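Commentary on secondary and tertiary structure
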Amino acid sequence: MSIFPDFDRLTPLTGFGRAAQSTSYLYRPTHVEQIAELFREAATRGLSVALRGAGRSYGDAALNAGQIVLDLQRMNRVLAWDPATGVITVEPGVTIEQLWKYTLEDGWWPPVVPGTMFPTLGGCLGMNIHGKNNYHTGPIGEHVLACEALLPTGELVRCAPGERPDLFYSLISSAGLLGVFTSITLQLKRIYSGDLAVEAWAAPSLQDMLADIDRCREADYIVGWVDGTTGGAHLGRGQIHRARYLAPGEDAHPAHSLSLAYQDLPDTLFGLIPKAIIWRFMPLGLNRLGMRFANLGKYLISRTLSHHHLYRQGLVAFNFLLDYVPRWQHGYRHGLIQYQTFIPQAQAADVYRAQLAEAQGRGFATFVNVLKRHRPDRFLFSHAVDGYSLAIDFKVPGSRSGRTDLYAMTQRLNEIALEAGGRFYFAKDSTLTPAAAARYLGPDTLTRFAALKARCDPGGLLQTELYRRVLAPALNGGAPTAPAAAALRLPERAAVPEAGPGSNGQGR
Ligand SMILES: Cc1cc2nc3c(=O)[nH]c(=O)nc-3n(C[C@H](O)[C@H](O)[C@H](O)COP(=O)(O)OP(=O)(O)OC[C@H]3O[C@@H](n4cnc5c(N)ncnc54)[C@H](O)[C@@H]3O)c2cc1C
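Here's what I pulled together on the structure shown here. (Residues numbered from 1 in each chain as written. Predicted model: local features only at pLDDT ≥ 70, side-chain atom pairs only at ≥ 80, totals over all residues. Heavy atoms only, no water.)

**Notes on the packing of helix α6 (residues 206–215) against helix α12 (residues 345–361)**
Direction vectors running N to C along α6 and α12 enclose 150°, while the axes themselves pass 10 Å from each other. The angle between the axes of α6 and α12 places the two elements in the roughly antiparallel class. Crossing hand, α6 versus α12: right-handed. Here Leu206, Gln207, Leu210 and Asp214 of α6 come into contact with α12, specifically with Gln345, Ala348, Ala349, Tyr352 and Arg353. (Axes fitted to C-alpha atoms, helices over the stretch in contact; angles between N-to-C directions. Helix = DSSP H or I, 4+ residues; strand = E, 2+ residues; numbered from the N terminus. Parallel < 35°, antiparallel > 145°, perpendicular 65-115°, else oblique. Left-handed = near helix turned anticlockwise from the far one by under 90°. Contact = heavy atoms within 4.5 Å.)

So this is what it looks like as structure tokens:
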């Protein structure tokens, strides 16, 4: 059997938000040697290669229309595990879910996790993900002891903070554009219980939310939910959850709370409704009225029943709230975009107030809004700042005019963020223009990336749609922005290219 993808068949792929979609030659290797051979074959055929983990980035970061997509999910072996030190070495396709299930019963937990357990470690390093503890724990890259990556040149490099640091701090965060991680060694966090001690309380305004979150920076985790449907003095009100790990001896039955059975998320809501069917009913509530009602209900409960509520909650239930409802993204009929900006502390209140008011003023309901505290890091495409991020889910409208309006609104939100020195995150992006990216990344970062690209990938083999939409033109001086629909990657099915092998319409 050929080790290469079937060049007669294009496979449809989407970003997690399902607004970005295209077809590609999909290849799912199991060994490093196959990747090296594929790189050679792609170069011979004049095709570019995009790396893909679990495809949980919201936009077009793991898509490559008409070209090759290298899906790394089958490289998912644990290569070494030391339960005495909590050091684990894995292949890139191991997911966050596989990781915690492998180590929890030995008393170890991933130090940084996203809001879902399904991403792969390769994808998490590609984006350098953050968790609800970013303000003191940093991004996942700060917990990587060493990694190996195969470069398009055919070189297999080992990097660590003290070994080829220039590559280490660039490969991690470079959105799969410099090399493919083939093994990752992580230091996990020692835990003494599978539970966290959690406190929830309501905050009556955005100003209060930000102040409370800042005040609680000794907590192990802190996260805010923001009601984006109210205005005036209540704009940005919401609920905060802070949590801490339990100390040794605090949990009377650690073996129980550290068991996989204890951590399992339930299959039903209230013990009755199968969660697998909930997404089918979501379109009924995903409108301005439904969201207003849901947000009001949630806020009133947070203000009364659960105000300063102290309780214990399993690590999985606390961290992976977004996995409670399977396939929830399919509840958005035409897809969704997640809009997340990272704003310095002093400007955050003004920026988020202005962004929420702008969205409300233009009639775009904001669905789920999550506020986090961050601190800067030294990785190449860092998204973090000493400040906050607000992530907003916007429903993609069905009509072309609605999508154009959504795009126009996001450009205004981008401008508000850029004026305040804000940053953006490629894992979530669907709206950046090359000029906006050049402005927040700055010339030094772009020059550094261009030099690294020339060294690691001189033939420009590694490409994604995000690379062609944002980074490549930004490197060339911020050429004119793409038309609205193309930049937002809205579902323009008719525009999906049907390029054949070697046609190379998209890229190299
Ligand atoms: C519900 C939900 C909640 C989320 N919450 C958070 C959050 O709290 N914090 C956060 O930071 N992110 C969050 N994310 C985003 C998510 O964690 C990132 O997009 C992550 O990169 C997804 O990993 P993946 O395996 O799906 O990678 P993909 O999305 O498939 O790829 C991500 C990037 O990594 C590159 N890549 C993939 N594999 C490799 C490899 N082996 N070597 C080199 N590069 C590679 C790809 O080219 C791509 O650029 C969330 C996403 C969802 C859907």
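**As for helix α14 (residues 434–456)**
The end-to-end C-alpha distance of α14, which contains 23 residues, comes to just 22 Å, noticeably less than the 33 Å that a straight helix rising 1.5 Å per residue would cover. The sharpest bend along α14 comes to roughly 100°, located at Gly442, with the proline Pro443 sitting one to four residues further on. Within α14 the residues assigned to the buried category are Pro434, Ala436, Ala437, Tyr440, Leu441, Gly442, Thr445, Leu446, Phe449, Leu452, Lys453 and Cys456. Buried residues belonging to α14 abut α5 (165–171), α13 (400–419) and α15 (465–475). (Expected span 1.5 Å × (residues − 1). Bend = angle between axes of the 7 residues up to and from the residue. Buried < 20%, exposed > 50% of the residue type's maximum accessible area, 1.4 Å probe, protein only.)

**Focus: the sheet that holds strand β5 (residues 78–82)**
Strands sit in the order β5-β6-β10-β8-β9 across an open sheet of 5 strands; the sheet is antiparallel. Each edge of the open sheet carries a strand with a single partner, namely β5 and β9 (156–159). With strand direction ignored, the average angle separating the axes of adjacent strands in the sheet is 10°. One ladder, built from 4 bridges, connects strand β8 (residues 144–150) with β9; its direction is antiparallel. Bridging across to β9, Cys147 finds its partner in Cys159. Each of β8, β9 and β10 (180–187) touches helix α1 (residues 32–45); the most contacted strand, β8, lies at about 45° to it. (Pairing = 2+ DSSP bridges.)

**Digging into the nonpolar core**
Trp109, Phe394 and Phe426 are the most contacted members of the largest nonpolar core, which has 112 residues in total. With 8 residues, the top contributor of residues to this core is α14. Leaving out residues up to four positions away in the same chain, Trp109 has contacts with Trp100, Thr103, Leu104, Leu188, Lys189, Ile191, Tyr221, Tyr245, Leu315, Val316, Asn319 and Phe320. (Core = buried A, V, L, I, M, F, W, Y, C linked by side-chain atoms within 4.5 Å.)

**Quick word on the sheet that holds strand β17 (residues 309–314)**
Pairing in this open sheet of 7 strands is antiparallel, and the strands run β17-β12-β14-β13-β19-β20-β18 from one edge to the other. The outermost strands of the open sheet, each flanked by one partner alone, are β17 and β18 (336–344). Here the strands of the sheet are splayed against their neighbours by 25° on average, with no regard to which way each runs. Relative to strand β20 (residues 387–395), β18 runs antiparallel, the two being bridged by 9 bridges. The residue bridging Ile337 from the neighbouring strand is Phe394, located in β20. Strands β13 (221–226), β18, β19 (369–374) and β20 of the sheet are contacted by α12, whose axis makes an angle of about 150° with β18.

Worth remembering: the numbers are spatial, not functional.
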